[in-house]
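Per-entry structural report
The residues making up each chain are set out below.
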Protein chains: 2
Amino acid sequence: MNVTAFKRRKEFGKTLASDIAHRMRNEIVTCRLKPGEVLKFDTLRLAYGASFTTLREALTCLAAEGLVVAEEQRGFKVAPISLADLIDLTRARILIDVDLIRRSIENGDDDWEIAVISSIHRLGIIEGREVEDYADNPEWKVAHREFHESLVAACGSPTLLGIRQSLFERAERYRNISARFRPRPRDKAGEHRALMKAAVGRDADRACELIAKHIQSTTDNVIKYASELFSQN
Amino acid sequence: MNVTAFKRRKEFGKTLASDIAHRMRNEIVTCRLKPGEVLKFDTLRLAYGASFTTLREALTCLAAEGLVVAEEQRGFKVAPISLADLIDLTRARILIDVDLIRRSIENGDDDWEIAVISSIHRLGIIEGREVEDYADNPEWKVAHREFHESLVAACGSPTLLGIRQSLFERAERYRNISARFRPRPRDKAGEHRALMKAAVGRDADRACELIAKHIQSTTDNVIKYASELFSQN
DNA sequence: AGCGGTAGTATTTTCGAAAATACAGTTTGA
DNA sequence: TCAAACTGTATTTTCGAAAATACTACCGCT
């Protein structure tokens, strides 16, 4: 056995930097690292137990994803949130998701259909288990992400899929805010089922319309009930 | 005067890492660094005179832009080119540019119009100076990029503008290939003028149609005359 | 008092060595 | 002969110190 038995556990990815990026991404989207918070290396070094260089690489990755912003020679901070950013992000996501879902419906084969159905089924199981609001459940979040991914999986565009994923991550913070502030849960399960039906029924126009509304409604909810959170802008 | 008078010149950006990223970006899009080429740190260290860490940060940035690919624990290589990638990229660019030009035409004020006209004018001056093909001229490339940027500048979407810029950079390699292999120069100047007229004439439908064709035609040209370059795939 | 400059401190950025990991060539055992 | 384990080398990844840069508080001057 290796003498360096106490070396760091890497829970995600192969390198320490990608592992730390993963952990920080999590803390940012759950707002444990607050929007706009400055990220000083000394603090981070203590928190994550890694060196300057490694942290720097992780931060560079997250900056590329838009979750942190880098000001040269002046360090990094958690990307701020704002109404303008939410609206911008929402519009971008709708543009891309609508295109990808249409192409996915055109290209998707039987396996794709099966994947869509199986992922919504998994989502349903988790929703059925939880008595109260399931949107906080990390397991639900994964299944939710995977359902949406399954819808666009057959689009055939690696470039746009990568961009879509990055925008989806960026929107996670706003989804969490929406869940915390809405007066009562939306009928997300129903929306998802309708999406699934339109997809496997190969009704592209309807699927596009539904996905646009689905994405937009989270934004509308935040604007309605939580806009005072963005008073700093 | 400072004693460290011989410190490195930073021609671009404030940090050495961003400067090196800038230089490498250039070498990649001009194919001086060949598609698929493995980027070993020892070699790079010699070529760019920077340390592991600094190079690593530059490479991480470029990886986020899609110009290099990172395989964990196995280093970096220049992003390969392929017909599939070109087609994917083209479709993504058209989707985004069409949306942004439409929104820009909706939102653009007088200053925007002036900026569009002045940037095409600058392009025209450069084209008029050069007797032979101007597409190799770096000055023309800058002016060309700035003209296309001016068209979408008023769209009001920072997110999509950032994505657009990154896709534009990625397409640069293919533009260079197209310029090298096409039998005779396309009437780019005419296409650009028509785009400008549609934009300032606030004819969004026409501008969208023109920009889509404009982007597509480079791709068609590469497919027609240079597809044997991609034989590795 | 207000402004401009300056020294001292906090923080980021860069470096090259050291550790960890992958790769290639060789040997061993069936 | 072939596959699997091993060993040495090449390469990447990580570290903490050192250099460069930005920030702050103080001082002197008008």
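Data block above holds the structure.
Okay, so let's go over this structure.

What counts and how
Each chain carries its own residue numbering, running from 1 in the direction its sequence is written. Written order decides the labels, with chains lettered from A and ligands numbered from 1. The model is predicted, so local features are restricted to residues of pLDDT at least 70 and side-chain atom pairs to those at 80 or more, both for listing and for counting; the totals for chains, interfaces and linings are taken over all residues. Side-chain metrics rest on all non-hydrogen atoms present in the structure, leaving aside hydrogens and water. Residues belong to a common nonpolar core when they are buried Ala, Val, Leu, Ile, Met, Phe, Trp, Tyr or Cys residues joined through side-chain atoms within 4.5 Å. Burial classification: accessible surface area is computed with a 1.4 Å probe over protein chains only, and a residue below 20% of its type maximum counts as buried, one above 50% as exposed, and the rest as partly exposed. Only heavy atoms matter for contacts: two residues are in contact if any of them lie within 4.5 Å across the pair. Think of each axis as a best-fit line through the C-alpha atoms, taken over the contacting stretch in the case of a helix, with angles from 0 to 180 degrees between the N-to-C directions. Here a helix means four or more residues in a row that DSSP labels H or I, a strand means two or more in a row labelled E, and each is numbered from the N terminus. Put simply, angles under 35 degrees are roughly parallel, angles over 145 are roughly antiparallel, angles from 65 to 115 are roughly perpendicular, and the rest are oblique. Crossing handedness is read from the near helix: turned anticlockwise from the far helix by less than a right angle, it gives a left-handed crossing, and turned clockwise, a right-handed one. Here the copies are matched by least squares. The fit uses the C-alpha atoms of residues with pLDDT of at least 70 in both. One heavy atom suffices: a residue is near a molecule or strand as soon as one of its heavy atoms comes within 4 Å of it. Here a polar contact means two N or O atoms within 3.5 Å. Within protein one must be a hydrogen donor candidate and the other an acceptor candidate, and residues neighboring in sequence count only if both atoms are side-chain atoms. Residues are sorted three ways: Asp, Glu, Lys and Arg are charged, Ala, Val, Leu, Ile, Met, Phe, Trp, Tyr, Cys and Pro are nonpolar, and all the rest, Gly among them, are polar. Paired strands, in this sense, are two strands between which DSSP finds at least two bridges.

**So, the nonpolar core**
In terms of nonpolar packing, the biggest core is built from 90 residues, with Ile96, Ile101 and Phe147 of chain A together with Ile101, Phe147 and Leu160 of chain B touching the most fellow members. Apart from the residues within four sequence positions on either side, Ile101 of chain A is in contact with Leu151, Val152, Leu195, Ala207, Cys208 and Ile211 of chain A. Core analysis: the next-biggest nonpolar cluster, separate from the first, contains 19 residues, Ile20, Leu39, Ala58 and Val78 of chain A among them.

**Structural notes on the packing of helix α5 (residues 110-129) of chain B against helix α8 (residues 188-200) of chain B**
All names here are of chain B. Their axes nearest at 10 Å, the elements α5 and α8 cross at an angle of 165 degrees. In this view, α5 runs roughly antiparallel relative to α8, as classed from their interaxial angle. Taken as a pair, α5 and α8 cross one another with a handedness that is left-handed. Residues Trp112, Glu113, Val116, Ile117, Ile120, Leu123 and Glu127 of α5 lie in contact with α8, whose contacting residues are Ala189, His192, Arg193, Met196, Ala199 and Val200.

**Section: the relation of the copies chain A and chain B**
Each copy of the sequence occupies a distinct position, and chain A is placed on chain B by a rotation of 180 degrees and an axial shift of 0.0 Å, giving an RMSD of 0.0 Å. Such a turn and shift between the copies fits a two-fold axis. By residue overlap, the copies meet face to face through one surface: 100% of the interface positions of chain A are interface positions in chain B.

**Some remarks on the protein's contact with DNA strand C**
What surrounds DNA strand C is a group of 23 residues, the closest being Arg56 and Gln73 of chain A together with Leu16, Thr53 and Arg74 of chain B. Sugar and phosphate atoms form 84% of the subset of DNA strand C atoms that lie within 4 Å of the protein. Here a base nitrogen of DNA strand C and a side-chain polar atom of Thr53 of chain A are 3.4 Å apart. Contact distances for DNA strand C include 2.8 Å between a phosphate oxygen and a side-chain N or O atom of Arg74 of chain B. When contributions to the surface near DNA strand C are tallied by element, the ones reaching two or more residues are α3 (52-65) of chain A together with α1 (16-29) and α3 (52-65) of chain B. No other element matches the three residues that α3 of chain B contributes to the surface near DNA strand C. Here the surface near DNA strand C is composed, by residue class, of seven nonpolar, nine polar and seven charged.

**Some thoughts on the sheet that holds strand β1 (residues 38-39) of chain A**
Either a parallel or an antiparallel arrangement is found when strands of a sheet pair, and the pairing is made through backbone hydrogen bonds. All names here are of chain A. The strand order across the open sheet built from three strands is β1-β3-β2, with neighbouring strands paired in antiparallel fashion. In this open sheet, the two edge strands, each paired with only one partner strand, are β1 and β2 (68-70). Judged from the three bridges that link them, β2 and strand β3 (residues 76-78) form a sheet pairing that is antiparallel. What sits directly across from Ala70, in β3, is Phe76.

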